[in-house]
Amino acid sequence: MLTLIRFIKNWTLPISMGIGALVYLIFYYVPALDTLSQKLAPTFDTILPLFMFLILYVTFCKVNFKKLLPVRWHFWASLFQIVLVVAIVGVILYFRIGGKELILLESILACVIAPCAAAAAAAVVTLKLGGNLEQMTTYTFLSNLLCALLIPICFPLIEPASEFTFWTAFSLIMQKVCLVLVVPMLLALLTKSVPQLHRFHQWLINIPDLSFYLWGCSLMIVTGTTLKNIFHAQSGIGFLLLIAFLGLLLCLMQYAIGRYIGRFFEASIEAGQALGQKNTAFAIWIATTYLHPLSTVGPGCYILWQNIINSIEIWKRGKYKA
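Residues numbered from 1 in each chain as written. Predicted model: local features only at pLDDT ≥ 70, side-chain atom pairs only at ≥ 80, totals over all residues. Heavy atoms only, no water.

### A short note on the overall build of the protein
Phase 1 of the analysis: A count of helical and extended segments in the protein gives 14 helices and 0 strands.
Phase 2 of the analysis: Listed by position from the N terminus, the elements making up the protein come as α-α-α-α-α-α-α-α-α-α-α-α-α-α.
Phase 3 of the analysis: Along the three orthogonal principal directions, the C-alpha set of the protein runs to about 60 × 55 × 40 Å.
Phase 4 of the analysis: Taken across its 322 residues, the protein has 47% of its residues classed as buried.
Phase 5 of the analysis: Taking the contacts inside the protein whose residues are at least 6 apart along the sequence as the reference set, 83% of them involve residues at least 24 apart.
Phase 6 of the analysis: Within the structure as shown, the protein displays about 16100 Å² of accessible surface, and the carbon and sulfur contribution to it stands at 71%.
Phase 7 of the analysis: Distance between charge centroids for the protein: 12 Å, based on 21 positive and 11 negative side chains. (Helix = DSSP H or I, 4+ residues; strand = E, 2+ residues; numbered from the N terminus. Buried < 20%, exposed > 50% of the residue type's maximum accessible area, 1.4 Å probe, protein only. Contact = heavy atoms within 4.5 Å. Areas by Shrake-Rupley, 256 points an atom, 1.4 Å probe, with all protein chains shown as cover. Lys, Arg positive; Asp, Glu negative; His and termini not counted. Charge placed at Lys NZ, Arg CZ, Asp CG, Glu CD.)

Set out below in structure tokens:
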């Protein structure tokens, strides 16, 4: 029994993805469940943001807000992201790329330009790996602000048909950032500051790995949604596999470069998660809003790769501690 519990703790993320994939496939291949799936779809669309909100709220309750200050690796991680985004957009414009090649590059661009996982995943996994929660939280805000600036500038250049102006796109993105980050942070700050809530605050932060297991539950829904996007993509299997493979290479590269940057500042865990772990739900939204619909497959696959990497990191961390 102890071995089983240890296995579940070490591999929570892939188990969650497996359950989410299995449930979706059952609903997809059993015609009798079509009516039920249509009724449940709005419920899951409502539950997922609630999970994300709760995860961040629990995570922020553990944050020391006095330590939320930029550090040097934040600058270098942000600089790498800017350079990579400019390089991809530059290649698209210079070579006037179109067709399937453009969709491939747009898939990659959506994964690169997306901010650090704001759904608490990066902060939760960083905490699980023994990293600095305050540094990750600060970078999450900086990364979202950078994303809000880059998208309105870059996307109209490669998709001129987009009707969004800079300020319209900027305001839409900032609205999402506020709902996802600022509101749970303010509630967490209120919980920590009000004396009447002190007992509740202590009870909440002393529940072991609560935010991590909440993230595991939300990952089931996200995995099902990812498979839905892939199964309903209007393209051949070979092209979809190519997008998935490029997503894997990009994911490995961003984790590796993030860890390399972090070594110079004794923050390899934090910088690796900052660059490698993306808010893929946000990436899917921006790809749907501004880019070719098929480019959403890139971030959809990226979420699978990043959580497999996270699981391996957590397993190695547990093995090292043991």
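### So, unusual backbone geometry
Phase 1 of the analysis: Residues other than glycine seldom take positive phi values, yet Arg 96 does so here, at roughly 50°.
Phase 2 of the analysis: Counting through the fold element by element, Arg 96 comes out in the loop between helix H4 (72–94) and helix H5 (99–113).
Phase 3 of the analysis: Since its relative accessible area comes to 76%, Arg 96 is described here as exposed.
Phase 4 of the analysis: One non-glycine residue, Glu 266, lies in positive phi territory at about 55°.
Phase 5 of the analysis: As for its placement among the helices and strands, Glu 266 is situated in the loop between helix H11 (237–263) and helix H12 (268–276).

### Here's the deal with the environment of Val 63
Phase 1 of the analysis: Along the chain, Val 63 turns up in the loop between helix H3 (34–60) and H4.
Phase 2 of the analysis: Sequence separation between Val 63 and Thr 137 is 74 residues; the distance between their C-alpha atoms is 8.2 Å.
Phase 3 of the analysis: Every residue in contact with Val 63, bar those within four places of it in the chain, is listed here: Leu 68, Leu 133, Glu 134, Thr 137 and Lys 192.

### Comments concerning the packing of aromatic side chains
For any pair of aromatic rings, geometry is given as the distance between the ring centres together with the angle between the planes.
Phase 1 of the analysis: Per the stated rule, a full pass over the model turns up 9 aromatic pairs.
Phase 2 of the analysis: For the ring pair Trp 73 and Tyr 139, a centre distance of 5.4 Å and an interplane angle of 35° mean the geometry is tilted. Taken together, the residues span a long stretch of sequence, with Trp 73 in helix H4 and Tyr 139 in helix H7 (residues 133–158) at a distance of 66 residues.
Phase 3 of the analysis: Classification of Trp 73 by relative accessible area gives buried; the value is 1%.
Phase 4 of the analysis: Seen from their ring centres, Phe 75 and Trp 76 are 5.2 Å apart, and the 75° between their planes marks the pair as edge-to-face.
Phase 5 of the analysis: Exposure remark for Trp 76: the relative accessible area of 43% places this residue in the partly exposed category. (Phe/Tyr/Trp six-rings, centres within 6.5 Å; stacked < 30°, edge-to-face > 60°.)

### Quick word on the nonpolar core
Phase 1 of the analysis: With 41 residues, the main nonpolar core has Trp 73, Val 85, Ile 88, Ile 151 and Phe 155 as its most contacted residues.
Phase 2 of the analysis: Of all the elements in the fold, those that place two or more residues in this core are H4, H5, H7, H11, H12, helix H13 (280–290) and helix H14 (297–321).
Phase 3 of the analysis: Considering each element in turn, this core owes the most residues, 9 residues, to H7.
Phase 4 of the analysis: Discounting residues that sit within four places of it in the chain, Val 85 has contacts with Leu 109, Val 112, Ile 113, Leu 150 and Cys 154.
Phase 5 of the analysis: With 26 residues, the next largest nonpolar core counts Met 185, Ala 188, Phe 212 and Trp 215 among its residues. (Core = buried A, V, L, I, M, F, W, Y, C linked by side-chain atoms within 4.5 Å.)

### Points about the pattern of salt bridges
Phase 1 of the analysis: All chains considered together, the criterion is met by 1 salt bridge.
Phase 2 of the analysis: Glu 313 serves as the salt-bridge partner of Arg 259, at 3.1 Å between the closest nitrogen and oxygen. Residue Arg 259 is found in helix H11, and its partner Glu 313 is found in helix H14; the two are separated by 54 residues along the sequence.
Phase 3 of the analysis: Judged by its relative accessible area of 27%, Arg 259 falls in the partly exposed class. (Salt bridge = Lys/Arg side-chain N within 4 Å of Asp/Glu carboxyl O.)

### So, the state of the cysteines
The term disulfide refers to a covalent linkage connecting the sulfur atoms of a pair of cysteines.
Phase 1 of the analysis: Within this structure, the stated rule accounts for 0 disulfides.
Phase 2 of the analysis: Just so you know, Cys 116 is unpaired, no disulfide at all, and the nearest cysteine sulfur is the one on Cys 147, 11 Å from it.
Phase 3 of the analysis: Lacking any disulfide linkage, Cys 217 is separated from the closest cysteine sulfur, that of Cys 61, by 18 Å. (Disulfide = S-S within 2.5 Å.)

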